[in-house]
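So the chains spell out like this:
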Amino acid sequence: MNTDDINLAYKVRHALNENLENLPASTTDRLAAARALALSRKKADAPQSRKQARFDVASLLGMQWVRGLAVAAPLLAMVIGLAGVYQSQHEQRAAELADLDAAVLSDDLPLTAYTDHGFNAYLAEQQQQAPQRAQ
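Within every chain, residues take consecutive numbers counted from 1 along the sequence as written. The predicted nature of this model means local features are confined to residues of pLDDT at least 70 and side-chain atom pairs, given and counted, to a pLDDT of 80 or more, with totals for whole chains, interfaces and linings taken over all residues. Side-chain numbers here rest on the full set of heavy atoms in the structure, without hydrogens or water.

Asker: Explain the overall build of the protein to me, please; I cannot follow it from the model alone.
Answerer: Secondary structure follows DSSP: runs of H or I at least 4 residues long count as helices, runs of E at least 2 residues long count as strands, and numbering of each begins at the N terminus. Regarding its fold elements, the protein presents six helices and zero strands. Going from the N terminus to the C terminus, the protein shows its helices and strands as α-α-α-α-α-α. Residue burial is assigned from relative accessible area. The probe radius is 1.4 Å, only protein chains are included, and a residue is buried under 20% of its type maximum, exposed over 50%, and partly exposed in between. When burial is assessed residue by residue, the protein has 4% of its 135 residues classed as buried. Areas reported as accessible are Shrake-Rupley estimates using a 1.4 Å probe. Residue values count occlusion only from the protein chains shown. Carbon and sulfur atoms form 59% of the exposed surface of the protein, whose accessible area is close to 12500 Å².

Okay, here's the thing in structure tokens:
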């Protein structure tokens with residue numbers, strides 16, 4: 001039953017209850033007999049067996065919140081994974097910069113050489129002297 005059917009049933013019940021006192025006795029007797037007949041034909045509620053009473057995964061999957069959880073869990077795992085990758089890359093980059101800073105500060109080259117325009121000339125001179133020192 002959808003919402004419209006339920007609303008219609010409530011409206012009909014409300015209208016019948018309002019005019020119940022105005023109905024003739026023969027009509028109320030027929031309605032009472034029809035109700036008794038309908039109740040007698042109603043199937044009895046079957047007792048639940050032990051197998052049905054236990055936790056049933058199939059019935060659990062029918063629940064709306066489980067479907068939402070089935071969608072939200074992989075998305076949450078993906079967000080956590082991406083955050084972990086970002087953090088790892090950030091730490092790796094920081095470690096590389098720290099190694100570079102340590103190499104620059106521990107080098108024989110003065111720090112002002114990095115801002116000097118003749119730095120390339122200095123490097124070329126150092127590369128020429130390196131083979132001579134090796135001999």
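Asker: Sorry, what's going on with the environment of E18 here?
Answerer: Here E18 is to be found in helix α1 (residues 3–18). A distance of 2.7 Å separates a polar atom in the side chain of E18 from a polar atom in the side chain of H14. Polar contacts, as used here, are pairs of N or O atoms within 3.5 Å; protein pairs need one atom able to donate a hydrogen and one able to accept it. Residues neighboring in sequence count only if both atoms are side-chain atoms.

Asker: I'm lost on the confidence of the model for the protein in this one. Help?
Answerer: Reading fine detail from the predicted coordinates is not recommended where pLDDT is low. The pLDDT value tells you how sure the predictor is about a given residue, anywhere from 0 up to 100. When pLDDT is averaged across the protein, the result is 80; 84% of the residues are at 70 or more. Within the protein, the element-level pLDDT minimum falls on helix α3 (residues 50–53), averaging 53, and the maximum on helix α5 (residues 64–106), averaging 90.

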